[in-house]
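# Fold and geometry: a report
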Amino acid sequence: MSFQKAQDLLKLAHIAASRHQGVTVKDISTEFSVNERTAQRMLFALKEVYPSLSHKTDSERRRWWTLRETNKLGMQGVYDHELTAIEMAIRRAQREGAHAETASLEAVRDRLVAKLPTPEARRTEANAEAMLEVKGYACRPGPRVKTCPDHMSILTAALKGQFQLIMSYRGAQDAEPKKRVVEPYGLLLGTRHYLIARDPAKGDGLRRFRLDRIAKVEMTMIWFKKDKDFDLDAYAAQSFGSFHSDAEFTRVVWRFSPAAAATAREYEFHPKQEMVEQDDGGLIVTFEASGLVEMAWHLYKWGDAVEVIEPAALREMVAGFQNDRIKVPP
C-alpha cells in the first residue's frame, strides 16, 4: 500500500468515527475525489483494519458506515500542520477579541498535546512555531478595539440560552451610560465589535451596540423567543465592514483598471458581489451595502486604480485622495 493510500485510509477512519450517522459510498467518493467502485474498495480495506466497522441501511436503501472502535485512532498523535492550524485559529480569535473561542481552542490544543510523549510534544510544538513564523503569524498586532473578556463570556452565555441582558450602555449621544434591557441575537467582530440585539423599549427593530461602550452587563434568567427568520450572515451582509446604517444602504459600483483587475478578481469585497469583465480588461464590481467610511478606507489603498461609479457620496469622499503614488495591493 502506498503512503498516500495509507493516509487516505486513516482519514476515512476518522470520518467514519466522527460522524454520528456515518458515511456513505457517495460521501467517500466526494471526499476523496474517487469513483464509487474505489470508494467501496476503501471501505473493504478499512473493514480489514477495523473489524468493528458496521453499517445500517436507511429508507432509501443507502448504507451508512460507522466506526465505534476508536482507541487505535489516537496512535496517530498530532501532526505539525494540524497544531499549526489550531495555533493560527487561536491567534485570529485573539486579534478579533473572541475570548470565549480563544479559551476553547486553547483547551483543545492543550488536551491534544498532553496526550503526546514529552519528546514528541516538544518537537511538534517547535515545528508548529516555525511554520507559524514562516506563514507570517508570529506577530501581527494590528489596530483593534479592546473588549472585556468577562463581558464576552456573559454575552456568549446569553446568546446560547436566549436570555435577556441588562446592560449599562453609553450611546453616541449619551453623556453617561444608561440602563438597557435587550434581547441578544448575535455578535459581529471586526474593526469594532458589535452586539446585535433588540431593545423592546425602542421597538421591534434590531440594533447594533458597540461592545467597547458597554460599561456593565449581566444575564437575566428571562428567556425570550427569537425571530425564527433572523439570519446573522444575511444581516452582516448589509454592511461592507462592521458599521451599518439603513440610511447609507445603497448600490455600490466600482471599476478597477486593467492593471488592477487581476488582483481585484482575487478579492471578495462582499459576500453578494457581482463581477463583470470589461472589453478593455478592466473589472466592474457591484454589491449592496452600507458603511461608506469603511469603503473609503479600503479604496484608498488601491490608489488611482479604482473608480467609484456609485454612489455619488462615496465618489465625493475619495475624490482627491486617490493618486498614482499608492500602488495596487500585491
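The notes below deal with the structure included here.

It is worth spelling out the packing of helix H2 (residues 25-32) against helix H3 (residues 36-49) at this point. Taken N-terminus to C-terminus, the directions of H2 and H3 make an angle of 105°; their axes are 8 Å apart at the nearest point. Overall, the two elements H2 and H3 adopt an arrangement that is roughly perpendicular. The segment H2 lies against H3, with Val25, Lys26, Ile28, Ser29 and Phe32 engaging Glu36, Ala39, Gln40, Met42 and Leu43. In terms of residue class, the contact of H2 with H3 is built from six nonpolar, two polar and two charged.

A cluster of nonpolar side chains, namely Val293, Trp297 and Met317, defines an oily patch on the protein surface of about 300 Å² accessible area. Looking at the secondary structure, you find Trp297 in helix H10 (residues 292-300).

What follows covers the nonpolar core. Membership of the largest hydrophobic core comes to 22 residues, with the highest contact counts inside it found for Trp254, Phe256, Phe269, Phe287, Met295 and Leu314. With residues up to four places along the chain from it excluded, the contact list for Phe256 reads Ala261, Ala264, Phe269, Gly282, Leu283, Val285, Trp302, Ala305 and Val306. Ala16, Ile28, Ala39 and Leu67 belong to the second-largest nonpolar core, a separate cluster that totals 17 residues.

The rules behind these values
Residues numbered from 1 in each chain as written. Predicted model: local features only at pLDDT ≥ 70, side-chain atom pairs only at ≥ 80, totals over all residues. Heavy atoms only, no water. Axes fitted to C-alpha atoms, helices over the stretch in contact; angles between N-to-C directions. Helix = DSSP H or I, 4+ residues; strand = E, 2+ residues; numbered from the N terminus. Parallel < 35°, antiparallel > 145°, perpendicular 65-115°, else oblique. Contact = heavy atoms within 4.5 Å. Nonpolar A, V, L, I, M, F, W, Y, C, P; charged D, E, K, R; others polar. Patch = residues over 30% accessible without salt bridge, like charges linked within 9 Å, V, L, I, M, F, W, Y side chains within 5 Å. Areas by Shrake-Rupley, 256 points an atom, 1.4 Å probe, with all protein chains shown as cover. Salt bridge = Lys/Arg side-chain N within 4 Å of Asp/Glu carboxyl O. Core = buried A, V, L, I, M, F, W, Y, C linked by side-chain atoms within 4.5 Å. Buried < 20%, exposed > 50% of the residue type's maximum accessible area, 1.4 Å probe, protein only.

No statement about biological role is implied by the geometric values presented.
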